[in-house]
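Coordinates in review
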Amino acid sequence: MDKLVIEGGIKLKGEVTISGAKNAVLPILAATLLTDDACSIKGVPDLRDTNTMLKILRSLGKNADMEKGIVDVSSAKACGYVADYKLVSTMRASFCVLGPLLGKLKKAKVSLPGGCIIGVRPVDLHIKGIKALGAQVDIDSGYIIAKADTLKGAHIYLGGMYGSSVLATDNVMMAAVLAKGKTIIESAACEPEVEDLAVFLNKMGAKIKGHGTPLIEIEGVRHLHGAAHTVIPDRIEAGTIAIAALITQGDITIKNMLPQHLGAVIDKLEESGASFVRAHGALRVRRKRQLNAVNVTTLPYPGFPTDMQAQVMALMGVTPGISVITEKIYPDRFMHVAELNRMGAAIQREGPHAIVEGKKWLSGAPVMASDLRASASLVLAGLAARGKTAISRIYHLERGYENIEEKLQKLGARIWRQKE
Ligand code: EPZ
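Please read these numbers as outputs of a predicted model, since none were measured by experiment.

Let us look at the domain arrangement of the protein chain. How large an interface is tends to be reported as the accessible area lost when its parts come together. Here the domain parsing of the protein chain yields domain 1 (2-19 + 233-419) and domain 2 (22-230). Averaged C-alpha coordinates put domain 1 and domain 2 at centres separated by 30 Å. Summing both sides of the interface, domain 1 and domain 2 together bury roughly 1,900 Å²; the carbon and sulfur share of this comes to 55%. Counting the contacts that link domain 1 with domain 2 gives three salt bridges. The shortest N-O distance in the salt bridge between arginine 48 and glutamate 398 comes to 3.0 Å. Elements that contribute at least two residues to the side of domain 1 that touches domain 2 include exactly helix H12 (372-384) and helix H13 (395-398). Residues belonging to the side of domain 1 that touches domain 2 are distributed by class as follows: nine nonpolar, four polar and 11 charged.

Here it is as structure tokens:
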């Protein structure tokens with residue numbers, strides 16, 4: 001396994017172009033299961049997770065190949081309905097094939113995704129939604145087995161104890177587009193990635209309204225045809241790069257990003273003293289002054305995204321003052337705390353809160369990545385730290401950040417890959 005070595009202390013400067021959104025691409029690729037026609041998806045980042053989804057599509061009978069960010073999907077043979085444990089267990093987002101398989105074939109057998117390091121990751125809302133549409137659901141030997149003679153539109157409240165669910169909204173939407181009649185999803189997830197999926201489904205001939213709001217209406221249709229689509233830019237990568245500019249006291253112009261998808265993050269970082277200037281479809285990020293500590297609470301979109309929590313914690317770790325970071329989506333999503341503290345940060349966990357006392361500087365150290373966004377926070381801390389940081393298990397990082405070391409090298413970072 002490789003590790004990533006970073007020599008910190010360099011101010012990152014220059015331009016970077018953001019890749020397509022991982023969390024939009026994954027359900028959109030799954031949605032190609034809803035038609036036998038060919039689909040072409042552009043702006044697909046070359047990531048572990050997107051390649052895993054291509055493998056799943058192939059295992060279900062599709063031709064699915066990626067060339068220079070373009071994925072062409074077509075039907076090789078009759079679509080299978082079993083999403084195998086060995087693939088689903090490597091990426092829990094594979095669970096979003098449940099909705100399209102059920103929608104298209106009226107049957108699906110998908111391995112339960114299980115938990116991961118950031119939390120238990122239940123699927124009760126997914127099951128509630130497909131049952132409301134008329135599916136019989138059994139759980140057997142770690143698989144969800146869902147089948148239905150017909151799927152009928154329903155009024156479904158999809159809010160859980162932590163608010164809305166992104167992939168449950170995706171799954172229910174994809175099961176409902178070919179159902180008979182109208183489906184209303186109340187307390188739907190509003191994330192831009194959910195909205196982008198709906199845009200793609202409508203290009204395929206679906207009749208979806210209200211996507212991007214908590215109330216989504218779906219008029220079932222009889223058939224979906226192939227479509228072409230370019231996915232939205234990855235707002236979490238953009239937010240991560242913005243923090244790279246701030247934590248290194250640099251000056252980065254971020255291209256191919258939609259500031260309106262990062263409103264809560266931009267607002268919070270401006271409160272801390274960051275300057276965001278929009279120019280020609282790009283966003284220039286630097287400090288206006290010495291940053292000050294800010295408090296952060298993660299919430300469903302349009303609130304502050306949980307996927308930016310670890311990254312903003314790294315920034316607060318070297319910002320004077322006390323910052324209270326509250327994680328309301330995954331209360332255990334703090335694997336990065338111990339690793340940041342190994343670098344000299346002063347972070348104390350209190351249940352769903354992390355109290356961060358900003359230090360003047362962090363010191364480079366050997367650290368271990370535990371999950372995708374925790375590894376991003378370790379990269380950010382390494383960029384700011386004095387001395388060398390060596391991050392092991394960087395396969396976590398490769399799941400969600402395309403060519404991250406090249407992008408950072410182009411900005412002046414001293415970062416390289418080394419054999420473990
Ligand atoms: C999506 O996961 C993202 N993944 C996650 O990004 C992101 O952190 C999460 O949404 C929240 O924004 C993809 O889109 C592939 P949820 P998802 O269902 O859909 C609870 C990353 O770093 N819940 O919105 O699985 C759940 O436990 C990844 O890119 C239920 O209670 O998340 C959590 O507390 C990590 N029952 C909350 O809802 C359910 O049936 C939100 O989870 C489903 C979820």
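Next comes the rest of the description.
Side chains Ile216 and Ile218 of strand E13 (residues 215-219) all project onto a buried face; the interleaved residues Leu215, Glu217 and Glu219 project onto a face where none is buried. Of the pairings in the sheet, the one linking strand E12 (residues 207-209) to E13 comprises three bridges and is antiparallel in character. If you follow lysine 209 over to E13, its bridge partner there is glutamate 217. In textbook terms, the turn of a hairpin is the stretch between consecutive antiparallel strands, and for E12 and E13 this stretch comprises five residues, one of which, glycine 210, has a positive phi near 80°.

Right, let's get into the site of the ligand. Neighbouring the ligand are 23 residues, the closest being Asp124, Leu125, Ser165, Asp307 and Ile329. At a separation of 2.8 Å, an oxygen atom of the ligand approaches a polar backbone atom of valine 166. Separating an oxygen atom of the ligand from a backbone N or O atom of leucine 167 is a distance of 2.8 Å. Relative to its unbound accessible area of 820 Å², the ligand is 92% covered by the protein chains. At the level of elements, helix H1 (22-31), helix H5 (124-132), helix H6 (166-176) and H12 are the ones that each hand at least two residues to the shell around the ligand. Ranked by residues supplied to the shell around the ligand, first place goes to H5 with three residues. By residue class, the composition of the shell around the ligand is 11 nonpolar, five polar and seven charged. When residues of the shell around the ligand are assigned to domains, at least three fall in each of domain 1 (2-19 + 233-419) and domain 2 (22-230).

Attention now goes to the packing of H5 against H6. H6 packs onto H5 with a crossing angle of 20° between their chain directions and a minimal axis gap of 9 Å. Of the possible angle classes, the one that applies to H5 and H6 is roughly parallel. Considering the relative orientation of H5 and H6, their crossing is right-handed. Residues Leu125, His126, Gly129 and Ile130 of H5 lie in contact with H6, whose contacting residues are Leu167, Ala168, Asn171, Val172 and Ala175. Looking at the contact of H5 with H6, its residues break down into six nonpolar, three polar and no charged.

Pairing is mixed across the open sheet formed by four strands, whose spatial order is E2-E15-E17-E16. Pairing within the sheet leaves two strands with one partner each, and these edge strands are strand E2 (13-17) and strand E16 (274-279). Neighbour to neighbour, the strand axes of the sheet diverge by 20° on average, direction disregarded. Two elements, strand E15 (residues 251-255) and strand E17 (residues 282-287), share four bridges in a ladder whose sense is antiparallel. Note on E17: the bridge partner recorded for isoleucine 254 is leucine 283. On top of the sheet, helix H9 (residues 263-272) reaches E16 and E17; it is set at about 130° to E16, its chief contact.

Scanning the entire structure with this criterion turns up 21 salt bridges. Salt-bridge contacts for lysine 407 lead to glutamate 237; the nearest nitrogen and oxygen are separated by 2.6 Å. Here the residue lysine 407 occupies a position in helix H14 (residues 404-410), and glutamate 237 occupies one in helix H8 (residues 235-247), the gap between them amounting to 170 residues. Take lysine 407: its relative accessible area is 12%, and that puts it in the buried class. Within the structure, one salt-bridge network assembled from shared partners comprises Asp2, Arg48, Glu398, Glu405, Arg417 and Lys419.

Reading guide: rules and limits
- Residues numbered from 1 in each chain as written.
- Predicted model: local features only at pLDDT ≥ 70, side-chain atom pairs only at ≥ 80, totals over all residues.
- Heavy atoms only, no water.
- Domains from an automatic or database assignment.
- Buried area = accessible area lost by both parts, 1.4 Å probe.
- Salt bridge = Lys/Arg side-chain N within 4 Å of Asp/Glu carboxyl O.
- Helix = DSSP H or I, 4+ residues; strand = E, 2+ residues; numbered from the N terminus.
- Nonpolar A, V, L, I, M, F, W, Y, C, P; charged D, E, K, R; others polar.
- Buried < 20%, exposed > 50% of the residue type's maximum accessible area, 1.4 Å probe, protein only.
- Pairing = 2+ DSSP bridges.
- Near = heavy atom within 4 Å.
- Polar contact = N/O pair within 3.5 Å; in protein donor to acceptor, adjacent residues only side chain to side chain.
- Areas by Shrake-Rupley, 256 points an atom, 1.4 Å probe, with all protein chains shown as cover.
- Axes fitted to C-alpha atoms, helices over the stretch in contact; angles between N-to-C directions.
- Parallel < 35°, antiparallel > 145°, perpendicular 65-115°, else oblique.
- Left-handed = near helix turned anticlockwise from the far one by under 90°.
- Contact = heavy atoms within 4.5 Å.

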